[in-house]
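Fold and geometry: a report
So you can see what is in the structure, the chains are spelled out below.
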Amino acid sequence: MQSDALSATFSALADPTRRAMLARLAEGEATVNELAEPFEMTLPAISKHLKVLEKAGLVSRGKKAQFRPCRLEAGPLKDIAGWVEAYRRYWDESFDRLDSYLEELQKEQPR
């Protein structure tokens with residue numbers, strides 16, 4: 001399976017159905033039936049997607065009377081944001097170097 005939490009999170013986010021479920025949960029808690037509404041799939045299939053999200057720590061289920069509402073757990077997303085941040089800095093620095101290079105080329109061209 002996954003060797004670390006970051007891998008589990010990326011694996012869970014690789015599926016568009018799971019990303020859509022997370023987007024819905026970002027609006028607030030939802031039952032499994034509410035999460036299943038926009039999809040043309042069986043409840044067992046929805047439950048499998050939820051289990052992947054739960055295993056990655058992206059979703060938790062509460063207990064309210066007979067209901068077990070699902071809620072977003074954003075901690076793993078913060079970990080991904082931190083990981084991506086290092087690459088954003090790389091690209092920002094690369095674009096800065098490219099800008100400097102292009103400015104030098106423009107200065108060298110006769111007008």
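Here is a short report on the structure shown in this document. (Residues numbered from 1 in each chain as written. Predicted model: local features only at pLDDT ≥ 70, side-chain atom pairs only at ≥ 80, totals over all residues. Heavy atoms only, no water.)

**Here we look at the nonpolar core**
Ile46, Leu50, Leu53, Leu58, Val59 and Cys70 are the most contacted members of the largest nonpolar core, which totals 19 residues. If near-sequence neighbours (up to four positions away) are discounted, leucine 53 is found in contact with Ala12, Arg18, Met21, Leu22, Leu58 and Val59. (Core = buried A, V, L, I, M, F, W, Y, C linked by side-chain atoms within 4.5 Å. Buried < 20%, exposed > 50% of the residue type's maximum accessible area, 1.4 Å probe, protein only. Contact = heavy atoms within 4.5 Å.)

**Brief notes about the pattern of salt bridges**
If you walk through the whole model with that rule in mind, you get five salt bridges. A salt bridge links glutamate 29 to arginine 71; the nearest nitrogen and oxygen atoms lie 2.8 Å apart. Taken as a pair, glutamate 29 in the loop between helix 2 (16-25) and helix 3 (32-36) and arginine 71 in strand 2 (residues 70-72) lie far apart in primary sequence, 42 residues in all. Exposure remark for glutamate 29: the relative accessible area of 32% places this residue in the partly exposed category. A relative accessible area of 28% places arginine 71 in the partly exposed class. Of the charged contacts, one joins arginine 88 and aspartate 92 as a salt bridge, the two residues approaching to 2.3 Å between their closest N and O atoms. Taken together, the positions of arginine 88 and aspartate 92, both in helix 5 (residues 75-108) and four residues apart, correspond to about one turn of that helix. (Salt bridge = Lys/Arg side-chain N within 4 Å of Asp/Glu carboxyl O. Helix = DSSP H or I, 4+ residues; strand = E, 2+ residues; numbered from the N terminus.)

Distances and angles like these do not, on their own, reveal function.
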